[in-house]
Amino acid sequence: MPLHIAIDASRSTARQATGTEYYSLRLIQALCAANEGLGQPNRISLFLRDLPPVGRFPVSAHARQHVIRLPRLWTHLRFAAALWQARPDITFVPAHTLPALFPGPAITTVHDLGFKHFPAAHPPLQRAYLDATTRYSQARAAIVLADSEVTAADLRRFYGTEEDKIRVVYPGVDGDRLRATAADAAGARAKYGLPARYFLFVGTLQPRKNIKRLVQAFARWQQAQDDDETALVLAGGKGWLFNESWLTGARNVRLCGYIDDADKAGLLRGAIALVFPSLYEGFGFPAVEAMHAGTPVIASATSSLGEIVGEAGLLVDPLSVAEIAAAMQRCSVDEALRRALIQKGRVRAGRFTWAAAAAQVMQAIEALAAPARSGAPAI
């Protein structure tokens with residue numbers, strides 16, 4: 001018997017999507033597509049804060065959009081009220097905050113617990129909110145999806161989340177949109193005023209991204225190579241606690257700000273390597289995107305990045321400027337190594353697809369629905 005599934009799609013309408021918004025949009029799209037392929041499709045209700053752009057979600061008789069506007073407390077007031085009215089069989093929230101009071105079983109995704117590892121990197125009120133909502137959501141949800149084994153371990157460590165309610169579901173990455181030609185790379189360089197050779201970092205410029213050590217490693221590389229023409233390109237907006245002093249000591253460091261999604265493939269294609277020595281990541285989209293684009297990856301051996309990148313990249317101690325610089329040196333001079341990393345990266349990136357993620361979420365939904373269908377209590 002088909003289910004009625006309510007989905008919080010409020011994060012899917014952001015114009016400048018960060019990791020959570022991108023995850024929400026692409027996973028919901030993949031879930032709707034997977035639902036259409038079922039013999040008896042479920043009824044999906046998408047609850048949105050804003051009217052989505054035309055074509056963002058496929059037109060379907062089985063998926064209906066509900067736009068419910070409220071500037072503040074949308075989750076706990078308007079979304080919760082809509083759930084009480086709709087009484088869905090299962091509620092899915094792809095960003096971890098569940099409403100305070102709502103009926104029925106729920107599935108939620110916890111992307112990372114970076115605020116636990118780096119509390120000073122978040123404003124105090126934001127940190128308190130993240131802690132309170134994550135603690136509540138992991139306890140209220142019947143199933144908690146984690147973006148990586150590292151996030152799953154953090155849930156058990158910090159909140160005592162039961163092992164049997166956690167499911168690791170890796171997000172996907174759109175490989176097709178990351179295919180770029182040499183002409184695309186040249187166009188991106190021209191648009192952002194970049195030299196022919198550059199190392200690339202993609203992400204919000206904030207303390208846990210390890211920008212200061214990255215710049216120090218680039219300065220060390222410059223000194224060893226006696227190279228003032230190659231640039232270090234930092235593609236991303238300035239985040240909380242960004243410090244201009246991080247950028248001192250090296251020449252030719254370029255800040256691009258938030259880059260258009262259409263330019264990402266070209267920027268990646270033109271880079272010597274993506275250098276991503278983050279101190280903590282719940283998944284690390286830029287690393288998988290770079291592997292899809294055919295760009296060598298230098299990444300931290302810690303948090304989820306070692307788990308995600310594996311042997312397809314050069315893994316370094318993010319606290320060691322010398323290790324980061326040495327990896328940059330290898331990528332800049334060893335063409336055989338670059339070719340090997342590109343080949344391995346493309347194979348590894350192929351493991352992370354939205355279709356696979358949606359299939360696993362559907363399995364979780366079915367597992368949650370099975371007891372109710374048989375008359376037993378839901379898990």
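Being a predicted model, the structure only gives us computed values, none of them experimental. Sequence positions are assigned chain by chain, starting from 1 and proceeding in written order. Only residues with pLDDT of 70 or above have their local features reported here, since the model is predicted, and side-chain atom pairs are shown and tallied only from 80 upward, although totals for entire chains, interfaces and linings are computed over all residues. For side-chain calculations, the full set of non-hydrogen atoms in the structure is used, while hydrogens and water are omitted.

Caption draft 1: View of the pattern of salt bridges. Salt bridge, as applied in this entry: a Lys or Arg side-chain nitrogen positioned within 4 Å of an Asp or Glu carboxyl oxygen. In this structure the tally under the stated criterion is 19 salt bridges. Between R156 and E163 there is a salt bridge, with its nearest N and O atoms 3.5 Å apart. Where E289 meets K264, a salt bridge forms, and the shortest distance between an N and an O atom there is 3.2 Å. On the criterion of sequence distance, the pair formed by E289 in helix α9 (residues 285–293) and K264 in helix α8 (residues 261–270) is long-range, its members being 25 residues apart. Ionic contacts of the salt-bridge type, sharing partners, join the residues R26, D174, R177, D261, K264 and E289 into one network. Counting from the N terminus, the helices are the DSSP runs of H or I reaching at least four residues and the strands are the DSSP runs of E reaching at least two.

Caption draft 2: Structural context of unusual backbone geometry. Even without a glycine there, the phi angle at D226 is positive, about 55 degrees. Structurally, D226 can be placed in the loop between α7 (211–225) and β9 (231–235). Relative accessibility thresholds used throughout: buried, under 20% of the residue-type maximum; exposed, over 50%; partly exposed, between the two (1.4 Å probe, protein chains only). According to the relative accessible area criterion, D226 is exposed, its value standing at 69%. Residue N252 is not a glycine yet carries a positive backbone phi of 65 degrees. Examined against the element boundaries, N252 turns out to sit in the loop between β9 and β10 (253–257).

Caption draft 3: Spotlight on helix α5 (residues 149–159). Considered for burial, the residues of α5 that qualify are V150, T151, A152, D154, L155 and Y159. On the buried face of α5, the contacting elements are β5 (106–110), α3 (114–117), α4 (124–140), β6 (143–146), β7 (166–168) and α10 (303–309). Of the residues one or two after α5, G160 is the one with positive phi, at around 65 degrees. When checking whether two residues touch, look at their non-hydrogen atoms; a contact exists if any pair is within 4.5 Å.

Caption draft 4: Broad picture of the sheet that holds strand β3 (residues 63–67). Pairing between two strands requires that DSSP report at least two bridges joining them. The sheet built from seven strands is open, its strands ordered β3-β2-β1-β4-β5-β6-β7 with parallel pairing. Only two strands of the sheet have a single partner each, and these edge strands are β3 and β7. For this sheet the average axis-to-axis angle between neighbouring strands, irrespective of direction, equals 20 degrees. Relative to β3, strand β2 (residues 43–48) runs parallel, the two being bridged by five bridges. Opposite S45, over in β3, you have R64 as the bridge partner. For helices, the fitted line uses only the C-alpha atoms of the stretch in contact; every axis is such a line through C-alpha atoms, and the angle between N-to-C directions lies from 0 to 180 degrees. Lying on the sheet, helix α1 (residues 19–36) is in contact with β1 (4–8), β2, β3, β4 (90–93), β5 and β6; it crosses β2 at an angle near 160 degrees.

Caption draft 5: Focus on the packing of helix α6 (residues 182–192) against α8. α8 packs onto α6 with a crossing angle of 100 degrees between their chain directions and a minimal axis gap of 7 Å. Between α6 and α8, the crossing angle belongs to the class labelled roughly perpendicular. Taking contact as the criterion, the partners of A182, D184, A185, A188, K191 and Y192 in α6 are, on α8, D263, G266, L267, R269 and G270. Angles are sorted into four bins: roughly parallel if under 35 degrees, roughly antiparallel if over 145, roughly perpendicular if 65 to 115, and oblique for all others.

Caption draft 6: Representation of helix α11 (residues 321–333) in the model. Expected span of a helix, by definition, is 1.5 Å for each gap between consecutive residues, and there is one gap fewer than residues. An ideal rise of 1.5 Å per residue puts 18 Å on 13 residues; α11 measures up with 19 Å between its terminal C-alpha atoms. Of all the residues in α11, the buried ones are V321, I324, A325, A327, M328, C331 and S332. Seen from one end, α11 has its buried residues packed into an arc of 160 degrees, which puts them on one side. Against the buried residues of α11 lie β8 (198–202), α7, β11 (274–276), β12 (297–300), β13 (314–316) and α12 (335–349). Our arc is simply the arc of the directions from the helix axis toward the C-beta atoms.

Caption draft 7: Up close: the packing of α7 against α11. In the contact formed by α7 and α11, the axes pass within 8 Å of each other and the chain directions differ by 50 degrees. With respect to each other, α7 and α11 are oriented oblique. Taken as a pair, α7 and α11 cross one another with a handedness that is right-handed. Residues R213, Q216, A217, F218, R220, W221 and Q225 of α7 pack against V321, A322, I324, A325, M328, Q329, S332 and V333 of α11. For the contact of α7 with α11, the class distribution of residues is nine nonpolar, four polar and two charged. Helix crossings are classified by the rotation of the near helix relative to the far one: an anticlockwise turn of less than a right angle makes the crossing left-handed, while a clockwise turn makes it right-handed. Under the convention adopted here, Pro, Cys and the residues Ala, Val, Leu, Ile, Met, Phe, Trp and Tyr are nonpolar, Asp, Glu, Lys and Arg are charged, and Gly plus all remaining residues are polar.

Caption draft 8: Local environment of the environment of A139. Note that A139 resides in helix α4. Taking relative accessible area as the criterion, A139 reaches 51% and is therefore assigned exposed. Residues A139 and G160, spaced 21 residues apart in sequence, show a C-alpha to C-alpha distance of 9.2 Å.

Caption draft 9: Just the side chain of S278, in detail. Looking at where S278 falls in the secondary structure, it is placed in the loop between β11 and α9. Polar side-chain contacts of S278 include one of 2.8 Å to the side chain of E281. The definition of a polar contact used here is a pair of N or O atoms within 3.5 Å, where within protein one atom must be able to donate a hydrogen and the other to accept one, and adjacent residues in sequence count solely through side-chain atom pairs.

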